[in-house]
Amino acid sequence: MIRLRSIAFNTLFYMNLIIQMIVLTPVYFLLPRKMAWFVPKNWARSNNWLFKTIVGTTFEIEGLENIPKDGNYIFSPKHQSFWDVYALLPWLSDPFYILKRELMWIPLFGQYVMKQRMVPVNRAARGREMAAVMARAREEMATGRQLIIYPEGTRKQPGAAPDYKYGIARLYRDLQAPVLPVVMHPGLFWPRRSTLRYPGHFKVRILPPIAPGLDPDTFFEQLKETMERESDRLLLETVAANPHVPLPPVTAERVRTLKAAGRPEAA
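Reading the values: rules and limits
Residues numbered from 1 in each chain as written. Predicted model: local features only at pLDDT ≥ 70, side-chain atom pairs only at ≥ 80, totals over all residues. Heavy atoms only, no water. Helix = DSSP H or I, 4+ residues; strand = E, 2+ residues; numbered from the N terminus. Rg over C-alpha atoms; globule rule 2.2 N^0.38 Å. Buried < 20%, exposed > 50% of the residue type's maximum accessible area, 1.4 Å probe, protein only. Pairing = 2+ DSSP bridges. Axes fitted to C-alpha atoms, helices over the stretch in contact; angles between N-to-C directions. Contact = heavy atoms within 4.5 Å. Polar contact = N/O pair within 3.5 Å; in protein donor to acceptor, adjacent residues only side chain to side chain. Expected span 1.5 Å × (residues − 1). 1 Å grid on protein atoms, 1.4 Å probe; cavity = no way out; pocket = protein on both sides within 12 Å on 5 of 7 lines; lining within 4 Å. Points joined across faces, edges and corners; volume = space filled by probe spheres on them. Nonpolar A, V, L, I, M, F, W, Y, C, P; charged D, E, K, R; others polar.

S.K.: Now, about the overall build of the chain: what can you tell me, with residues and values included?
M.R.: Check the secondary structure of the chain and you find eight helices and seven strands. For 267 residues, the compact-globule estimate of 2.2 N^0.38 gives 18 Å, and the C-alpha radius of gyration of the chain, at 19 Å, lies within 12% of that figure. If you line up the chain on its principal axes, its C-alpha atoms span 50 × 50 × 35 Å. Relative to its 267 residues, the chain shows a buried fraction of 52%.

S.K.: So, the sheet that holds strand β6 (residues 179-184): which residues are in play, and what are the values?
M.R.: In space, the seven strands of this open sheet follow the order β1-β7-β6-β2-β5-β3-β4, with mixed pairing throughout. The two strands at the open ends of the sheet, each matched to only one other strand, are β1 (57-62) and β4 (119-121). This sheet shows a mean twist of 25° between the axes of neighbouring strands, independent of strand direction. Pairing of strand β2 (residues 73-77) with strand β5 (residues 146-148) involves three bridges; the strand directions are parallel. Bridging from a neighbouring strand, Tyr 73 pairs with Gln 146 of β5. Across the sheet, helix α6 (residues 167-175) lies against β2, β3 (95-100), β5 and β6, angled at about 165° from β2, the strand it touches most.

S.K.: An account of the side chain of Asn 66 is needed here, citing residue identities and associated values.
M.R.: Note that Asn 66 resides in the loop between β1 and β2. Note on Asn 66: relative accessible area 18%, which makes it buried. In terms of polar contacts, Asn 66 uses its side chain to reach the backbone carbonyl oxygen of Ile 206, at 2.9 Å. Not counting residues up to four positions away in its chain, the partners in contact with Asn 66 are Leu 180, Ile 206, Leu 207, Pro 208 and Pro 209.

S.K.: Break down unusual backbone geometry for me, with residues and values.
M.R.: Positive phi is not limited to glycine here, since Leu 108 has a value of about 70°. Mapped onto the secondary structure, Leu 108 falls in the loop between β3 and α4 (109-115). On the basis of relative accessibility, which here comes to 33%, the residue Leu 108 falls in the partly exposed class. The phi dihedral of Arg 117 is positive, around 55°, even though this residue is not glycine.

S.K.: So what about helix α5 (residues 128-142)? Which residues, and what values?
M.R.: In a regular helix each residue adds 1.5 Å, so 15 residues correspond to 21 Å; α5 covers 21 Å between its end C-alpha atoms and thus fits that length. Against the buried residues of α5 lie β2, β3, β4, β5 and α6. Within two residues after α5, Gly 144 carries a phi angle of roughly 90°, on the positive side.

S.K.: Tell me about the environment of Ala 241, residues and numbers included.
M.R.: Note on placement: Ala 241 falls in helix α7 (residues 216-241). What makes Ala 241 exposed here is its relative accessible area of 54%. Sequence separation between Ala 241 and Glu 102 is 139 residues; the distance between their C-alpha atoms is 40 Å.

S.K.: Give a detailed account of the environment of Phe 82, specifying residues and quantitative values.
M.R.: Positionally, Phe 82 belongs in the loop between β2 and α3 (83-86). Among the residues examined, Phe 82 registers a relative accessible area of 34% and is labelled partly exposed. Considered as a pair, Phe 82 and Trp 190 are 108 residues apart in the sequence and their alpha carbons are 7.8 Å apart. Dropping the residues within four chain positions of it, Phe 82 is found in contact with Phe 13, Trp 43, Arg 155 and Trp 190.

S.K.: Before we move on, could you go through empty space enclosed by the protein and cite the residues and values that matter?
M.R.: Tallied over the entire structure, the rule returns three cavities of 30 Å³ or more. Of the voids in this model, the largest cavity is the one considered here, and its volume is about 70 Å³. As for the largest cavity, its lining consists of Phe 75, Pro 77, Asp 84, Val 85, Tyr 86, Leu 88, Leu 89, Leu 92, Tyr 97, Ile 148 and Tyr 150. Among the secondary structure elements, those contributing two or more residues to the lining of the largest cavity are β2 and α3. By residue number, the principal contributor to the lining of the largest cavity is α3, which donates three residues. Of the residues that constitute the lining of the largest cavity, the class distribution is 10 nonpolar, no polar and one charged.

Structure, rendered in structure tokens:
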């Protein structure tokens, strides 16, 4: 049944993308930029509904009260699956990404992200071009937007050894905005490099923001320590609540290590 439900979900997921792009693309490009967020946010909500209805996977968000009221912050979540990329968009008022410039060359997708003033970057760039990227990001943040950045860069399996990139510390220093750490384990239910989707329930935990003004090195160590401590705590809680979900070897090993060390599950 899991395989059949996974096939049904994956099929409808891509059909949903194609149909919404065909039907709503004219609306997207006719609307003013901020109003046009309705289209990708509607797509995200419908995908969340499909995940719940077909696969049987639900989630809840804790810590919404930690989101800064002025809307100006760096959103820093764990990154484990494609789910992370879209699912939380409805809870962000006007987000943007710093993304590799090659994505801007994809037909239609490039026009979508251009309209939302995403910030392209040449990953091999140095010096003046990187200064221009930072200036663009600063302009967007000044209008009350939210920069989404995954502090480990690429997707990792739940419980995998952390690999935080120092770039987030530079952004924290230069943008002078609070950083909102977010921990979650959707990778247990939507594994990377797999077509299988597993039913269950998980939490997205938004942690208190780290205020601007710290030394970048101090901030970087605080971010890593906070996110890993809370991620481990939430991993134990999620695994205990979903004993039917198969664990990748790296996840199972991390769970065993935490239990051996006497790490308690979250209350």
